[in-house]
Amino acid sequence: MGLPPSNMDIDIVEQNGMLEYDDSNLILKMLDDDCLFHILSYLNLQELIRVEEVCERFEAVAQQVYKTYTTLDFSDHLLRNKFAMQKQIPIAEATAIASRVGPSIHTLTAKASTFRMNDHQIPNFVGMYFKKLRNVNFHWFKIMDDESLAEMATAFTGVTVVKLDGCDATDKVLQGLFKVDQLEVLELPNNPEINGTFFVELRNIRDINLECCHNVNPQLFRQFCEEHPNLRSLNVRNCSWIDRICLQHIAALSNLETLGISANYRIISMNDYLILADLPKLKHLQIDCGKNSEWNMDELLLKVSIHNQLESLVLMDKEITADTEKSLRYLTNIKELDLSSSSKCTDTTLESLSCENTLQRLEIQWAPVTPKGLEMLIKRCPHLRMLNVVKCPNINGDFVPQILEHLKGRPHMLEMLANDHPRTFPRKKFEKIYTGRNSSKLKKLFTKSTKLQYNNAERTSINLRNIADVSAL
């Protein structure tokens, strides 16, 4: 082969009998640093670290990109895809990432199982690289000794938003890790050793989650409610210590907008629950009815529905009855509805929904709804953006063509989640259905479909609006 023409990006020239590369015409060299910065900002962290090795200029621009990171999620699939086989990030890789973006990170999310480190290495790792944290979201971290507390506390001096899920946290751990008086949001699900002695130090708290904190002192909780009348969000699901007096204190929180409760509290009658229906600002309600509970909570739902101020409703382990459907008819402002763990959710339940002008998100996993019933719901809900039908036995790939006509002209995407299983959601079958006159566009669409993880079941997220556009070609 001869030499490439001189107008190529990289020319090969002969000087002093030697072949040399002349990259003066390389397009990337013609870009200024602002353009290069914009291009590199689209790369994920692993890609950025590799780009650093190209040349000194790329390294310098990459360093500027790192400074724009304010949020880091170590469990994010883009961060972990390189380590898909191990399902963990080696300590060297985690350190490479943290040393580059750590100084600018305000929000840090991590699971202990994400790192290939032992429990004693993680506190030192966090305390060394993250100094400006404002929001921490940790899962399954075990902080047992005073040395670990001191190491992590150095990174948490400015934290105002905390979630510790399943971290075996105690009152001592919370008081050692954080400046409790400056916390605004505190989520402590699945920490059974919490007693509540730190409640008295909370000064600025707006949202608190005590789900599955089984050993909280009821008296300390009541005192906490009295001292925080402006509390905005409260979750006390699966808290067996809640009694009648606790519910009365919750009902007195006149600014409460979000509430999570259970139907299995001890020594409580249905009438004790009903006072919660009169919370004047309640917009988001989550009820865990419990499989063995004697209360199905229909009376509470009916009373809540009369006020018609709910915007989101989650019913867990709820048997859908005629009274439940009656309540749903009154709730015309619902934007998010989750019936995914409720039994007997049928087409009749879907017909009872009167929130067609507001509904944006619907989750009905495992529901025995029919394609016809689901199609009618989609037809009359023009603002629906997310539909979760994972494990619905009657919904399969043949359902999608039925709804395409109803999606045309909608300004937003409808994201449909379903099991990615050959017999129920076959990709080849989709491609066969939608080839039409523009099969290449359709195949590109499916190539870009994103697989997500949910309760150990793989799902496929599909842009149905785009599919509708393709079918119209």
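These numbers were taken from a predicted model, which means no experiment stands behind them. (Residues numbered from 1 in each chain as written. Predicted model: local features only at pLDDT ≥ 70, side-chain atom pairs only at ≥ 80, totals over all residues. Heavy atoms only, no water.)

A. View of the overall build of the protein chain. Scanning the protein chain for helices and strands turns up 20 helices and 20 strands. Within the protein chain, buried positions represent 46% of all 473 residues. Taken as a whole, the protein chain presents about 23,600 Å² of accessible surface, with 50% of it coming from carbon and sulfur. (Helix = DSSP H or I, 4+ residues; strand = E, 2+ residues; numbered from the N terminus. Buried < 20%, exposed > 50% of the residue type's maximum accessible area, 1.4 Å probe, protein only. Areas by Shrake-Rupley, 256 points an atom, 1.4 Å probe, with all protein chains shown as cover.)

B. Here's a closer look at the nonpolar core. Core analysis: the biggest nonpolar cluster contains 127 residues, and Phe-74, Phe-138, Phe-156 and Phe-221 have the highest contact counts within it. When sequence neighbours within four positions are dropped, the list of residues in contact with Phe-138 reads Leu-108, Ala-110, Val-126, Met-152, Phe-156, Lys-163, Leu-164, Asp-165 and Cys-167. (Core = buried A, V, L, I, M, F, W, Y, C linked by side-chain atoms within 4.5 Å. Contact = heavy atoms within 4.5 Å.)

C. How the structure looks around the packing of helix α6 (residues 91–101) against helix α7 (residues 121–129). Their axes nearest at 10 Å, the elements α6 and α7 cross at an angle of 20°. One finds that α6 runs roughly parallel with respect to α7. The way α6 lies across α7 gives a crossing that is right-handed. From α6, Ile-91, Ala-94, Thr-95, Ala-98 and Ser-99 reach across to α7, where they touch Gln-121, Phe-125 and Tyr-129. (Axes fitted to C-alpha atoms, helices over the stretch in contact; angles between N-to-C directions. Parallel < 35°, antiparallel > 145°, perpendicular 65-115°, else oblique. Left-handed = near helix turned anticlockwise from the far one by under 90°.)

D. How the structure looks around the pairing of strand β13 (residues 284–288). Where strand β12 (residues 258–262) meets β13, five bridges bridge the pair, whose relative direction is parallel. Paired with Ile-261 across the strands is Ile-287, a residue of β13. Sheet topology places β13 next to strand β14 (residues 312–316); five bridges connect them, and they run parallel. The residue of β14 that forms the bridge with Leu-285 is Leu-313. (Pairing = 2+ DSSP bridges.)

E. Up close: the packing of aromatic side chains. Scanning all chains against the criterion turns up 12 aromatic pairs. Aromatic pair Phe-74 and Phe-115: ring centres 4.9 Å apart, planes at 65°, arrangement edge-to-face. Here Phe-115 lies in strand β6 (residues 115–116) and Phe-74 lies in the loop between β3 (71–73) and α5 (77–80), a separation of 41 residues in the sequence. Looking at Phe-74, the relative accessible area reads 0%, which means it is buried. Ring-pair connections join several aromatic residues into one group, and the members of that group are Phe-74, Phe-115, Phe-125, Tyr-129 and Phe-130. (Phe/Tyr/Trp six-rings, centres within 6.5 Å; stacked < 30°, edge-to-face > 60°.)

F. Focus on the pattern of salt bridges. Across all of its chains, the model carries 15 salt bridges by this definition. A salt bridge links Asp-168 to Lys-142; the nearest nitrogen and oxygen atoms lie 3.3 Å apart. Linking Asp-168 in the loop between β8 (161–165) and α9 (171–177) with Lys-142 in the loop between β7 (135–139) and α8 (146–153), this pair joins segments that are 26 residues apart in sequence. Of the residues examined, Lys-142 reaches a relative accessible area of 29% and is grouped as partly exposed. Here Arg-361 makes a salt bridge to Glu-363, at a shortest N to O gap of 3.1 Å. For Arg-361, a relative accessible area of 34% translates into the label partly exposed. A cluster of three or more residues bridged by salt bridges with shared partners is formed by Glu-211, Arg-237 and Asp-288. (Salt bridge = Lys/Arg side-chain N within 4 Å of Asp/Glu carboxyl O.)

G. Layout of the side chain of Asp-272. You can see Asp-272 is positioned in helix α12 (residues 270–274). Since its relative accessible area comes to 11%, Asp-272 is described here as buried. A distance of 3.0 Å separates polar atoms of two side chains, one belonging to Asp-272 and the other to Arg-244. When near neighbours in sequence (up to four residues on either side) are disregarded, Asp-272 contacts Arg-244 and Leu-247. (Polar contact = N/O pair within 3.5 Å; in protein donor to acceptor, adjacent residues only side chain to side chain.)

H. How the structure looks around the pairing of strand β5 (residues 107–111). Strand direction decides the pairing type here: β3 and β5, joined by three bridges, are parallel. Looking at the pairing, Asp-73 lines up with Thr-109 of β5. Judged from the five bridges that link them, β5 and β7 form a sheet pairing that is parallel. Following the sheet pairing, Ala-110 is matched in β7 by Phe-138.

I. Representation of the packing of helix α2 (residues 33–40) against helix α4 (residues 56–66). At a closest axis distance of 9 Å, the pairing of α2 and α4 adopts a crossing angle of 65°. For the pair α2 and α4, the sense of crossing is right-handed. Taking contact as the criterion, the partners of Asp-33, Leu-36, Phe-37 and Leu-40 in α2 are, on α4, Arg-57, Phe-58, Val-61, Ala-62, Gln-64 and Val-65. Residue composition of the contact of α2 with α4, by class: seven nonpolar, one polar and two charged. (Nonpolar A, V, L, I, M, F, W, Y, C, P; charged D, E, K, R; others polar.)

J. Geometry of α4. The set of residues buried in α4 consists of Phe-58, Val-61, Ala-62, Val-65 and Tyr-66. The buried side chains of α4 occupy one side of the element, clustering within an arc of 150° when seen end-on. In this fold, the buried residues of α4 make contact with α1 (27–30), α2, α3 (45–51) and α6. (Arc of directions from axis to C-beta.)

K. Structural context of unusual backbone geometry. Within the chain, Trp-140 stands out as a residue other than glycine whose phi angle is a positive 65°. Within the element layout of this structure, Trp-140 appears in the loop between β7 and α8. Judged by its relative accessible area of 42%, Trp-140 is partly exposed.

L. Here's a closer look at the side chain of Asn-209. Mapped onto the elements of the fold, Asn-209 is located in strand β10 (residues 207–209). The exposure class of Asn-209 is buried, given its relative accessible area of 9%. Among the polar contacts made by the side chain of Asn-209, one reaches the main-chain amide nitrogen of Glu-211 at a distance of 2.9 Å. Contact partners of Asn-209, with chain neighbours within four places excluded, come to Leu-186, Glu-187, Leu-188, Pro-189 and Asn-235.

Function cannot be inferred from these measures alone, as they are strictly geometric.
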